[in-house]
Amino acid sequence: HLVESGGGLVQPGGSLRLSCAASGSIFSINSMGWYRRTPGKQRELVATLNSGGTTGYANSVKGRFTISRDNAKNTAYLQMNSLKPEDTAVYYCYANILNGMGYRNDYWGQGTQVTVSS
């Protein structure tokens with residue numbers, strides 16, 4: 001239901017944009033966002049965006065990352081600027097979706113690796 005793209009290798013100070021496209025039986029999408037996971041660390045909520053346009057960011061990425069959404073395409077984007085080595089992680093998008101049958105569930109993307117290194 002969710003397909004991620006946009007990860008890769010970038011030098012410190014560089015930028016990447018992640019995309020997360022939802023498909024399937026979608027009546028509405030409440031919230032979308034990203035978590036990231038680094039080996040040996042807990043999963044961290046990076047950014048969220050709800051249907052009302054309210055955003056939330058981890059303190060570690062505020063001012064550098066921006067989450068946005070194209071409702072017509074059921075796609076969310078995470079623009080990541082001024083990347084640091086500590087941003088290296090696998091990024092997972094999620095979406096809280098109300099389907100055409102009236103059921104609401106959380107869905108997850110397959111994960112995309114972001115590596116920040118010189």
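Before going into details, it helps to say that this report is about the structure given with it. (Residues numbered from 1 in each chain as written. Predicted model: local features only at pLDDT ≥ 70, side-chain atom pairs only at ≥ 80, totals over all residues. Heavy atoms only, no water.)

As a further point, take the sheet that holds strand S8 (residues 75–80). Pairing within the open sheet is antiparallel, and its 4 strands lie in the order S1-S3-S8-S7. Strand pairing shows two members of the sheet lacking a second neighbour, strand S1 (2–5) and strand S7 (65–70), which therefore form its edges. Ignoring strand direction, the axes of neighbouring strands in this sheet form an average angle of 15°. (Pairing = 2+ DSSP bridges. Helix = DSSP H or I, 4+ residues; strand = E, 2+ residues; numbered from the N terminus. Axes fitted to C-alpha atoms, helices over the stretch in contact; angles between N-to-C directions.)

This brings us to the state of the cysteines. This model, assessed by the stated rule, comprises 1 disulfide. Between the sulfur of Cys-20 and that of Cys-93 lies a disulfide, 2.1 Å long from S to S. Handedness of the Cys-20-Cys-93 disulfide follows from its S-S torsion of about 60°: it is right-handed. Within this pair, whereas Cys-20 is found in strand S3 (residues 16–22), its partner Cys-93 is found in strand S9 (residues 89–98), the two being separated by 73 residues in sequence. Across the pair, exposure class does not vary: Cys-20 and Cys-93 are buried alike. (Disulfide = S-S within 2.5 Å. Buried < 20%, exposed > 50% of the residue type's maximum accessible area, 1.4 Å probe, protein only.)

Another point: the nonpolar core. Core analysis: the biggest nonpolar cluster contains 28 residues, and Trp-34, Val-46, Phe-65, Leu-78, Met-80 and Tyr-91 have the highest contact counts within it. No other element matches the 5 residues that S9 contributes to this core. When neighbours within four sequence positions are excluded, Tyr-91 is seen to be in contact with Glu-4, Leu-18, Trp-34, Tyr-35, Arg-36, Val-46, Phe-65, Leu-78, Met-80, Gly-111, Thr-112 and Val-114. (Core = buried A, V, L, I, M, F, W, Y, C linked by side-chain atoms within 4.5 Å. Contact = heavy atoms within 4.5 Å.)

Before going further, it helps to spend a moment on the side chain of Thr-75. Inspection of the secondary structure assignment puts Thr-75 in strand S8. For Thr-75, a relative accessible area of 8% gives the class buried. In this structure the side chain of Thr-75 is engaged in a polar contact, spanning 2.9 Å, whose partner is the backbone oxygen of Lys-73. Among all residues touching Thr-75, those that are not within four sequence positions of it are Cys-20, Ala-21, Ser-68, Arg-69 and Asp-70. (Polar contact = N/O pair within 3.5 Å; in protein donor to acceptor, adjacent residues only side chain to side chain.)

It is the rolling of a water-molecule-sized probe over the atoms that shows where space remains empty. Empty space within the largest pocket amounts to approximately 160 Å³. If you trace the largest pocket, you find it lined by Arg-36, Arg-37, Thr-38, Lys-41, Gln-42, Glu-44, Ser-60, Arg-64, Lys-84, Glu-86 and Asp-87. (1 Å grid on protein atoms, 1.4 Å probe; cavity = no way out; pocket = protein on both sides within 12 Å on 5 of 7 lines; lining within 4 Å. Points joined across faces, edges and corners; volume = space filled by probe spheres on them.)

To continue, consider the packing of aromatic side chains. Under the defined criterion, the tally for this structure stands at 3 aromatic pairs. Here the aromatic rings of Tyr-35 and Trp-108 are separated by 5.4 Å at their centres, their planes lie at 50°, and the arrangement is tilted. Residue Tyr-35 is located in strand S4 (residues 28–37), and its partner Trp-108 is located in strand S10 (residues 104–108); the two are separated by 73 residues in the primary sequence. Overall, Tyr-35 belongs to the buried group, its relative accessible area being 19%. (Phe/Tyr/Trp six-rings, centres within 6.5 Å; stacked < 30°, edge-to-face > 60°.)

What the rule picks out here adds up to 3 salt bridges. The shortest N-O distance in the salt bridge between Arg-36 and Glu-44 comes to 2.7 Å. You can call Glu-44 partly exposed: its relative accessible area is 26%. A salt bridge links Asp-87 to Arg-64, with the shortest nitrogen-to-oxygen separation between them at 2.7 Å. Here Asp-87, found in the loop between S8 and S9, pairs with Arg-64, found in the loop between strand S6 (55–57) and S7; they are 23 residues apart in sequence, far enough to count as distant. (Salt bridge = Lys/Arg side-chain N within 4 Å of Asp/Glu carboxyl O.)

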